[in-house]
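Structural overview for review
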Amino acid sequence: MTSFNQKLLMVALTTVTAFSLATTANAAGWGTLKGKFVYKGKAKPVELNITKDVEFCSKHDLVDESVVVGDDGALSNVFVFLYTKRGATVKPHPDYEKADMKPAVLDNKGCRFEPRAMTLWTKQPLEIRNSDEGIGHNTNATLRKNPKFNETITNDKAITKKFDKSEPGPAPFACNVHPWMSALVLIRDNPYMAVSNAKGEFEIKNLPAGEHEFVFFHEKPGYMKSLVVGKEKADRKGRVEIEITDGKTVDLGEIVVTEKLLN
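Presented here is an overview of the structure given in this document. From a predicted model like this one, the values you see are computed outputs, not experimental measurements.

Re the overall build of the protein
Scanning the protein from N- to C-terminus turns up three helices and 19 strands. The burial tally for the protein puts 42% of its 263 residues in the buried class. About 15,000 Å² of surface is accessible on the protein, with carbon and sulfur atoms providing 50% of the total.

Observations regarding the packing of aromatic side chains
For the structure shown, the criterion picks out eight aromatic pairs. With 5.4 Å between their ring centres and 85° between their planes, Y96 and Y192 make a pair best called edge-to-face. On the criterion of sequence distance, the pair formed by Y96 in helix α3 (residues 94-98) and Y192 in the loop between β11 (182-188) and β12 (193-195) is long-range, its members being 96 residues apart. Overall, Y96 belongs to the buried group, its relative accessible area being 19%. Take Y192: its relative accessible area is 1%, and that puts it in the buried class. Judged by centre distance (5.9 Å) and plane angle (80°), the ring pair of F149 and F173 falls under edge-to-face. Of this pair, F149 sits in strand β8 (residues 149-153) while F173 sits in strand β10 (residues 171-174); the two residues are 24 residues apart in sequence, bridging distant segments of the chain. Each member of the pair, F149 as well as F173, is classed as buried. Every member of this aromatic cluster is reached through a ring pair, and the members are F37, F202 and F216.

Some points on the pattern of salt bridges
Following the criterion strictly, the structure yields seven salt bridges and no others. The shortest N-O distance in the salt bridge between K123 and E97 comes to 3.8 Å. Placement of the pair is K123 in the loop between β5 (117-121) and β6 (126-130) and E97 in helix α3, with a sequence separation of 26 residues. Given a relative accessible area of 41%, K123 falls into the partly exposed group. Through salt bridges with shared partners, a single ionic network connects E65, R112 and E114.

Conventions and cut-offs
- Residues numbered from 1 in each chain as written.
- Predicted model: local features only at pLDDT ≥ 70, side-chain atom pairs only at ≥ 80, totals over all residues.
- Heavy atoms only, no water.
- Helix = DSSP H or I, 4+ residues; strand = E, 2+ residues; numbered from the N terminus.
- Buried < 20%, exposed > 50% of the residue type's maximum accessible area, 1.4 Å probe, protein only.
- Areas by Shrake-Rupley, 256 points an atom, 1.4 Å probe, with all protein chains shown as cover.
- Phe/Tyr/Trp six-rings, centres within 6.5 Å; stacked < 30°, edge-to-face > 60°.
- Salt bridge = Lys/Arg side-chain N within 4 Å of Asp/Glu carboxyl O.

Below is the structure:
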């Protein structure tokens, strides 16, 4: 075979291989992950010690929200997100790409942050508001991959922030004026993340099919090492390997969170 013919053959093989890989990737499909966190332990709300703007803030019956448990032990504010290795990227499902990227809102309201725990895709701006009329707040964000900031938030003007990089985990946001105020914001460069709601439930739709690691994180322990998820146990970084099946929903059922795990 001549050198020219060998080159033609190599080009043809490369094209076929690339087409085959692309077809395989496209054929992998998409699936959904869901579950419900149930807390087994005592969770009595503890009143906060209000030391600033006492007259206004005391009207809101503020309690420690580091562990929020609803009916039948439903545990709120547990983060679940897709783990990606350093430098790796994830191509989102087309439905995410078409979504309207309205700003996510973090409000200073009733001398607390609302919400306490939230997720933010880097395609989405973050709008920070102050709904407490006549009360000054600041937002101090401790970030590792994006620029830190500490800015005053006034009633008349919200501030808008945009982030370019994934944070390795939920980042703490605080108000230094009112030291009991805190929130966690998970910033990622893909949309595959969720926070459990008031019913303890979470759902992540249109995940790429295949074997993936997911991170489980809560404000109290941080990474939820030793959390039992299905037949698996989370490692020291709160990671569990889960297979996502094309066209199906992987329902993890009730995920029990013990009092010991949150201490």
